[in-house]
Amino acid sequence: MAVRSIVIFGDPVLHTPAKPVETFDQELRDLVQDMFETMDAAPGVGLAGPQVGIPLRLFTYGYLDDDNRQWRGVAINPELWITPVPAGEADEDEDVEGCLSYPGERFPLLRSPRAILRAVDLDQKPFEIHADGWLARIFQHEYDHLDGTVYVDRLEHFYAKIATKVTRKRGWGGPGLAWMPGVDNLDE
């Protein structure tokens, strides 16, 4: 298995809805293993197929919650239900979010505090997770990738303007850009 490069904001694969997974074979198992290795090497708490250039509806996640419970798995062909997003503005401390496809930057974004994830695993076994807090945020973030949305697309106007400037300054916003976890340091 291998760490894969992560596609950077602007590539069409990140802005196009992904297709359902139809074939559950060794190639899919290898992809999922690579995604876990890539997510861990980055490091991140979630990684969607489009982020590694694969336009399929799947994502991996790995998160240790406040109760020391490890949440780790793959969601294939997921469905996501969320409670309404609270009214108001995002808190600059509590609601800050980042993305491996928009590396080195973090912006506040309001998300629903609760979500229900339904998907299948690699053995096509259905599962359901009721999530709140950061786990719910992770699921919403990764699910957005499957619909062709990157979190900066959802930012409030003030932060969206900053993100636009960052995108221009870094030369992002077009096809073919990627970074390699463990090799490239894009936090500088």
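Refer to the structure presented above.
Quantities reported herein were computed from a predicted structural model and do not represent experimental measurements.

Enquirer: Help me understand the overall build of the protein, please; the structure alone is not making it clear to me.
Expert: Helix and strand counts for the protein stand at three helices and nine strands. When the helices and strands of the protein are placed in sequence order, the string is β-α-β-β-β-β-β-β-β-α-α-β. Relative to the globule expectation of 16 Å for 188 residues, the C-alpha radius of gyration of the protein, 16 Å, shows essentially globular dimensions. For the protein, the spread of C-alpha atoms along the three principal axes comes to 45 × 35 × 30 Å. Expressed as a percentage of its 188 residues, the buried residues of the protein come to 48%. Put simply, 69% of the contacts in the protein that link residues at least 6 apart link residues at least 24 apart.

Enquirer: Quick question: what am I supposed to make of the pairing of strand 8 (residues 126-132) here?
Expert: Consecutive side chains along a regular strand alternate between the two faces of the sheet. Where strand 7 (residues 114-120) lies against strand 8, seven bridges are found, and the strand directions are antiparallel. Paired with Ala-115 across the two strands is Ala-131, which belongs to strand 8. Linking two consecutive strands that pair antiparallel, namely strand 7 and strand 8, is a turn of five residues; a positive phi of about 65° is found at Gln-124 within it.

Enquirer: Help me understand the pairing of strand 6 (residues 102-108) in this model?
Expert: The buried count for strand 6 comes to five of seven residues, which makes it a mostly enclosed element. Note that strand 5 (residues 96-99) and strand 6 share four bridges and pair antiparallel. Bridge pairing links Gly-98 to Arg-106 in strand 6.

Enquirer: Is there a simple way to explain the sheet that holds strand 4 (residues 70-82) in this structure?
Expert: In a beta sheet, neighbouring strands are held together by backbone hydrogen bonds and run either parallel or antiparallel to one another. Read from one edge to the other, the open sheet built from five strands follows the order 2-3-4-7-8, with strand pairing classed as antiparallel. The two strands at the open ends of the sheet, each matched to only one other strand, are strand 2 (46-48) and strand 8. If you compare each strand with its neighbour and ignore which way they point, the axes differ by 40° on average. Across five bridges, strand 4 lies against strand 7 in antiparallel orientation. Each bridged residue has a counterpart across the sheet, and for Trp-81 the counterpart in strand 7 is Ile-116. Contacting strand 2, strand 3 (58-64) and strand 4, helix 1 (residues 26-41) runs over the sheet at an angle of about 40° to strand 3. Across the face of the sheet, helix 2 (residues 134-146) comes into contact with strand 2, strand 3, strand 4, strand 7 and strand 8 while running at roughly 160° to strand 3.

Enquirer: I'm lost on the side chain of Asp-95 in this one. Help?
Expert: In this structure, Asp-95 sits in the loop between strand 4 and strand 5. Those residues in contact with Asp-95 that lie beyond four places of it in its chain are Ala-90, Phe-107, Pro-108, Leu-109, Leu-110 and Arg-137.

Thresholds applied
- Residues numbered from 1 in each chain as written.
- Predicted model: local features only at pLDDT ≥ 70, side-chain atom pairs only at ≥ 80, totals over all residues.
- Heavy atoms only, no water.
- Helix = DSSP H or I, 4+ residues; strand = E, 2+ residues; numbered from the N terminus.
- Rg over C-alpha atoms; globule rule 2.2 N^0.38 Å.
- Buried < 20%, exposed > 50% of the residue type's maximum accessible area, 1.4 Å probe, protein only.
- Contact = heavy atoms within 4.5 Å.
- Pairing = 2+ DSSP bridges.
- Axes fitted to C-alpha atoms, helices over the stretch in contact; angles between N-to-C directions.

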